[in-house]
Amino acid sequence: MSDRTLLLAGNWKMNHDHLEAIATVQKLAWALEDAKLDDSSCEVVVIPPFTDLRSVQTLVQGDKLWLRYGAQDVSRHEPGAHTGEIAASFLARLGCAYVVVGHSERRADNHETNEVVAAKLRAALGHDLTPILCVGESLAERREGRHVDFTLGQLEESLAGIEATDLTGLVIAYEPVWAIGTGETATAADAAEMAAAIRGRLAERYGDAVAAGTRILYGGSVKTDNVAEIVAAADVDGALVGGASLSGPDFAALCKAAVGK
Ligand SMILES: O=C[C@H](O)COP(=O)(O)O
């Protein structure tokens, strides 16, 4: 058993405006309390749309809630003439602890290369945001048995130019693209295979301390009825949850199942 804290992150994607976000976070907080979960048993993070962050910050900080929050993307640029971009420093100022980088939906929609992802990682790290770096294969790579090599290649290229000393506390989310939003979940064995491969590559490239300290999540159709088996897999330290995180009570039930209470 590792001493890495179980991390359950709910990526709301483009769901819940700022008023719905307040209600959802409040209901989640109450449901977590009812489930007798606290930060000694797991870390719970909500990742709402940018427009919700100030409202979530006000609620979390005002009521001293133990859950944390983050953003779904970040600019690789520092503030300036970058229309539509969101700077890492702005997210840090809003109290974000985490930022998702390289989500497959961003990689696809914006033709985001590993080089751009690496630049975003550097921007996040430069402002003390913990990146949740997303990697994972498509169905083609899986069917052709190239899923491990592809995913490790994405990992290496996305971490290019980043020193081991900057990777303390890094979070990596293995999200097989074919399992996202499809109801198709990778098996616990699939998740364990990739998590072990990722941890092994981190050890090779950055040393045992970085490998041991990195939390590796699984994402892709995680639900209350499958989360316990997935997070019990060796080298899996939590889940990046999409659809099943949109309801506060349902996400709290998923967290409770993950903790095994
Ligand atoms: O960021 C979350 C992942 O894309 C998984 O989404 P999902 O749980 O709706 O499949």
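Residues numbered from 1 in each chain as written. Predicted model: local features only at pLDDT ≥ 70, side-chain atom pairs only at ≥ 80, totals over all residues. Heavy atoms only, no water.

Overview of the UniProt feature "binding site: substrate" (unreviewed entry) in the chain
Here's step 1: The positions that UniProt labels "binding site: substrate" (unreviewed entry) are, in the present scheme, Asn-11, Trp-12, Lys-13, Gly-181, Ser-221, Gly-242 and Gly-243. Of the residues just listed, which span 233 residues, no C-alpha pair is farther apart than 13.7 Å, and they cluster in one region.
Here's step 2: Looking at where Trp-12 falls in the secondary structure, it is placed in the loop between strand 1 (7-11) and helix 1 (18-34).
Here's step 3: Residue Trp-12 is classed as buried on the basis of its relative accessible area of 1%. (UniProt positions renumbered as here; feature names shortened; annotations may be inferred. Helix = DSSP H or I, 4+ residues; strand = E, 2+ residues; numbered from the N terminus. Buried < 20%, exposed > 50% of the residue type's maximum accessible area, 1.4 Å probe, protein only.)

Quick notes on the site of the ligand
Here's step 1: Around the ligand there are 13 residues in total, and Lys-13, His-103, Glu-175, Gly-181 and Ser-221 lie nearest to it.
Here's step 2: Separating an oxygen atom of the ligand from a side-chain N or O atom of His-103 is a distance of 2.9 Å.
Here's step 3: With respect to the ligand, the backbone of Ser-221 contributes an N or O atom lying 2.8 Å from an oxygen atom.
Here's step 4: Burial of the ligand by the protein chains amounts to 96% of its free accessible area of 310 Å². (Near = heavy atom within 4 Å. Polar contact = N/O pair within 3.5 Å; in protein donor to acceptor, adjacent residues only side chain to side chain. Areas by Shrake-Rupley, 256 points an atom, 1.4 Å probe, with all protein chains shown as cover.)

Here we look at the sheet that holds strand 7 (residues 215-219)
Here's step 1: Spatial strand order, 1-2-3-4-5-6-7-8: 8 strands in a closed barrel with parallel pairing. When strand polarity is set aside, the average angle formed by the axes of neighbouring strands in this sheet is 25°.
Here's step 2: Its contacts with the sheet place helix 5 (residues 114-126) against strand 4 (98-101) and strand 5 (130-135), and it is angled at close to 160° to strand 5. (Pairing = 2+ DSSP bridges. Axes fitted to C-alpha atoms, helices over the stretch in contact; angles between N-to-C directions. Contact = heavy atoms within 4.5 Å.)

Considering the pairing of strand 1
Here's step 1: With 5 of 5 residues buried, strand 1 is to be regarded as a mostly interior element.
Here's step 2: Burial of strand 1 is two-sided: the residues Leu-7, Ala-9 and Asn-11 facing one way and the residues Leu-8 and Gly-10 facing the other way are all buried.
Here's step 3: Note that strand 1 and strand 2 (residues 43-47) share 5 bridges and pair parallel. Opposite Leu-7, over in strand 2, you have Glu-43 as the bridge partner.
Here's step 4: As a crossover connection, the stretch from strand 1 through helix 1 into strand 2 is right-handed.
Here's step 5: Pairing analysis gives 4 bridges linking strand 1 to strand 8 (residues 238-241), with the strands arranged parallel. (Right-handed = clockwise from strand over helix to strand, strands pointing away.)

Structural notes on the nonpolar core
Most often, soluble globular proteins keep nonpolar side chains buried together rather than apart.
Here's step 1: Counting 71 residues, the largest nonpolar core has Leu-8, Val-25, Leu-67, Leu-155, Ile-198 and Tyr-218 as its most contacted members.
Here's step 2: The dominant element in this core, judged by the number of residues it contributes, is helix 8 (residues 188-206), at 7 residues.
Here's step 3: Setting aside anything within four residues of it in sequence, one finds Leu-155 in contact with Leu-133, Val-135, Ile-172, Ile-198, Arg-201 and Leu-202.
Here's step 4: Counting 12 residues, the second largest nonpolar core, distinct from the first, contains Leu-7, Val-45, Tyr-98 and Leu-217. (Core = buried A, V, L, I, M, F, W, Y, C linked by side-chain atoms within 4.5 Å.)

With respect to helix 2 (residues 53-62)
Here's step 1: All of the buried residues in helix 2 are Leu-53, Ser-55, Val-56, Gln-57, Leu-59 and Val-60.
Here's step 2: Residues of helix 2 that are buried sit in contact with helix 1, strand 2, strand 3 (68-71) and helix 3 (88-93).
Here's step 3: Phi for Lys-64, located one or two positions after helix 2, is positive at around 55°.

Let's talk about the packing of helix 7 (residues 147-158) against helix 8
Here's step 1: Two numbers describe how helix 7 lies on helix 8: the axes approach to 10 Å, and their chain directions differ by 45°. Taken as axis vectors, helix 7 and helix 8 run oblique relative to one another. The handedness of the crossing between helix 7 and helix 8 is right-handed. Along its contact with helix 7, which presents His-147, Val-148, Thr-151, Leu-152, Leu-155 and Glu-156, the element helix 8 presents Glu-193, Met-194, Ala-197, Ile-198, Arg-201, Leu-202 and Arg-205.
Here's step 2: Along the lines of polarity and charge, the residues of the contact of helix 7 with helix 8 split into 7 nonpolar, 2 polar and 4 charged. (Parallel < 35°, antiparallel > 145°, perpendicular 65-115°, else oblique. Left-handed = near helix turned anticlockwise from the far one by under 90°. Nonpolar A, V, L, I, M, F, W, Y, C, P; charged D, E, K, R; others polar.)

Some thoughts on the side chain of Arg-4
Here's step 1: Position of Arg-4 among the secondary structure elements: in the segment before strand 1.
Here's step 2: Side-chain polar atoms of Arg-4 contact the backbone oxygen of Ala-212, separated by 2.9 Å.
Here's step 3: A polar side-chain atom of Arg-4 sits 2.9 Å from a polar atom in the side chain of Asp-237.

Section: the pattern of salt bridges
Here's step 1: By the definition in use, this model includes 16 salt bridges.
Here's step 2: Residues Arg-68 and Glu-43 are paired through a salt bridge, measuring 2.6 Å at the closest nitrogen-oxygen approach. You can see Arg-68 sitting in strand 3 and its partner Glu-43 sitting in strand 2, a full 25 residues away along the chain.
Here's step 3: Judged by its relative accessible area of 8%, Glu-43 falls in the buried class.
Here's step 4: Between Arg-142 and Glu-137 there is a salt bridge whose closest N-O contact spans 3.0 Å. Each member of the pair, Arg-142 as well as Glu-137, is classed as buried.
Here's step 5: Members of the salt-bridge network, linked through shared partners, are Arg-4, Arg-199, Asp-235 and Asp-237. (Salt bridge = Lys/Arg side-chain N within 4 Å of Asp/Glu carboxyl O.)

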